[in-house]
Amino acid sequence: DQQVKQNSPSLSVQEGRISILNCDYTNSMFDYFLWYKKYPAEGPTFLISISSIKDKNEDGRFTVFLNKSAKHLSLHIVPSQPGDSAVYFCAASGRGGADGLTFGKGTHLIIQP
Amino acid sequence: ETGVTQSPTHLIKTRGQQVTLRCSSQSGHNTVSWYQQALGQGPQFIFQYYREEENGRGNFPPRFSGLQFPNYSSELNVNALELDDSALYLCASSGRTSGYTDTQYFGPGTRLTVL
C-alpha cells in the first residue's frame, strides 16, 4: 500500500522549458514534504521542502506547490537545464519525523537539448 | 562542513552471513536514519537513532539492528542475510530539537550484494 505515489516513471522536457513533477499522497498525518534529486551512484540530494501550513515554497529555479485538499504536490523547475537530468523523489513525514520519510518510487527527468 | 559519509562503498556477502555498515553524520547533526533502496524503488525507512537510542522504526524484522555512538555516528547491522537484502543502504543525518526532526541529508550509500 503506497502512501506516496509518483505516477510518472519518466518525463522528458526540452532545455529551457518548465519541468513539472507530480506526487500524490494518501496519509492525512503527513505534515512535511520534501523533494530529493538523485544521480546514479550517489545518495539523494535535498532540493526543497514545504510544511503543511503553506501552499507554496520557492527557491531559485525550484518551486513546490502543495494542495492539501487534493493530497497532491508538484515540483516546478524553470528553466530546465541539462544538469537537472536525474531521478526525483517525493518524500513525506509525519509530525515529529521519528517515523522517517516515506518516499515515492521516483520520476526520471530527462532534459533534451 | 563535512557531509554524511558511509563505509564501505560496496560489499558482497553470502546468504546467512552478517554485515555491519557504518555512517558518520554531518557536523552539527544529532539524529541518524537508515534506509534500504531496492532497484527501481524509493528508499524505505528502516529506523532512526537519536541520543544513542532507537527513536522510530519501519517495517523491518529484528535481524536489522543498529547503534548510535556518542559522536552521533551510527552502525547498521543485518544478521542472517537473505538474497532480498541486496540493495543500496542509505544513511541520513539531521538535527532534532523540540521533538521535531529537521531535513534529512543523505550519504552516498553502501551497495550490498547477497549471493
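To be clear, the structure that these remarks concern was listed above.
These remarks concern the structure in this document. All values reported here derive from a predicted model rather than from experimental measurement.

Procedures and definitions
Residues numbered from 1 in each chain as written. Chains lettered and ligands numbered in written order. Predicted model: local features only at pLDDT ≥ 70, side-chain atom pairs only at ≥ 80, totals over all residues. Heavy atoms only, no water. Helix = DSSP H or I, 4+ residues; strand = E, 2+ residues; numbered from the N terminus. Rg over C-alpha atoms; globule rule 2.2 N^0.38 Å. Buried < 20%, exposed > 50% of the residue type's maximum accessible area, 1.4 Å probe, protein only. Contact = heavy atoms within 4.5 Å. Areas by Shrake-Rupley, 256 points an atom, 1.4 Å probe, with all protein chains shown as cover. Lys, Arg positive; Asp, Glu negative; His and termini not counted. Charge placed at Lys NZ, Arg CZ, Asp CG, Glu CD. Disulfide = S-S within 2.5 Å. Phe/Tyr/Trp six-rings, centres within 6.5 Å; stacked < 30°, edge-to-face > 60°. Polar contact = N/O pair within 3.5 Å; in protein donor to acceptor, adjacent residues only side chain to side chain. Buried area = accessible area lost by both parts, 1.4 Å probe. Salt bridge = Lys/Arg side-chain N within 4 Å of Asp/Glu carboxyl O. Nonpolar A, V, L, I, M, F, W, Y, C, P; charged D, E, K, R; others polar.

**Quick word on the overall build of chain A**
Then step 1. Across its full length, chain A holds zero helices and 11 strands.
Then step 2. Written out in order from the N terminus, the α and β elements of chain A read β-β-β-β-β-β-β-β-β-β-β.
Then step 3. Taken over the C-alpha trace, chain A has a radius of gyration of 13 Å; the compact-globule value for 113 residues is 13 Å, and the two agree within 12%.
Then step 4. Each principal axis of the C-alpha distribution contributes one length, and for chain A these read about 40 × 30 × 20 Å.
Then step 5. Put simply, chain A has 113 residues, and 45% of those count as buried.
Then step 6. Partitioning the contacts of chain A with sequence separation of at least 6, the portion at a separation of at least 24 is 55%.
Then step 7. Summed over all atoms, the accessible surface of chain A reaches about 5,600 Å², with 49% contributed by carbon and sulfur.
Then step 8. Side-chain charges of chain A comprise 11 positive and 10 negative groups, with the mean position of each set lying 3 Å from the other.

**A few points about the state of the cysteines**
Then step 1. One pass over the full model with this rule turns up two disulfides over all chains.
Then step 2. Covalent S-S linkage joins Cys 23 of chain A and Cys 90 of chain A, the inter-sulfur distance amounting to 2.0 Å. Negative torsions about the S-S bond denote left-handed disulfides, and the value of about -70° found for Cys 23 of chain A with Cys 90 of chain A makes this one left-handed. Note that Cys 23 of chain A is positioned in strand β3 (residues 19–25) and Cys 90 of chain A in strand β9 (residues 86–94), a separation of 67 residues in sequence.
Then step 3. Exposure remark for Cys 23 of chain A: the relative accessible area of 1% places this residue in the buried category.
Then step 4. Here Cys 23 of chain B is linked by a disulfide to Cys 91 of chain B, with a sulfur-sulfur distance of 1.8 Å. Across the S-S bond linking Cys 23 of chain B and Cys 91 of chain B, the dihedral sits near -55°, which makes this disulfide left-handed. Of the two residues, Cys 23 of chain B is situated in strand β3 (residues 19–24) and Cys 91 of chain B in strand β9 (residues 87–94); the sequence distance between them amounts to 68 residues.
Then step 5. For Cys 91 of chain B, a relative accessible area of 0% puts it in the buried group.

**Details of the packing of aromatic side chains**
Then step 1. Across all of its chains, the model carries 13 aromatic pairs over all chains by this definition.
Then step 2. With a centroid separation of 5.8 Å and 45° between ring planes, the pair formed by Tyr 36 of chain A and Phe 103 of chain A is classed as tilted. Linking Tyr 36 of chain A in strand β4 (residues 30–38) with Phe 103 of chain A in strand β10 (residues 102–103), this pair joins segments that are 67 residues apart in sequence.
Then step 3. With relative accessibility at 8%, the residue Phe 103 of chain A sits in the buried group.
Then step 4. Grouped by ring-pair contacts, the aromatic residues Tyr 36, Phe 46, Phe 89 and Phe 103 of chain A together with Tyr 35, Phe 45, Tyr 105 and Phe 106 of chain B constitute a single cluster.

**What about the side chain of Thr 107 of chain A?**
Residue and element names in this part refer to chain A.
Then step 1. Along the chain, Thr 107 falls in strand β11 (residues 107–112).
Then step 2. Judged by its relative accessible area of 2%, Thr 107 falls in the buried class.
Then step 3. Separated by 2.7 Å, the side chain of Thr 107 and the backbone oxygen of Ser 8 make a polar contact.

**Concerning the interface of chain B and chain A**
Then step 1. Taken together, the 23 residues of chain B in the interface contact 19 residues of chain A.
Then step 2. Here chain B and chain A share an interface that buries about 1,500 Å² over both sides, 56% of which is from carbon and sulfur atoms.
Then step 3. For the interface between chain B and chain A, the tally reads zero salt bridges.
Then step 4. Scanning the region where chain B abuts chain A turns up three residue pairs in polar contact (both at pLDDT 80 or more).
Then step 5. For the side of chain B that touches chain A, the element with the most residues is strand β6 (residues 53–57) of chain B, which contributes three residues.
Then step 6. A class-by-class count of the residues in the side of chain B that touches chain A yields nine nonpolar, 12 polar and two charged.

Take it as geometry only, folks, not as evidence of what the structure does.
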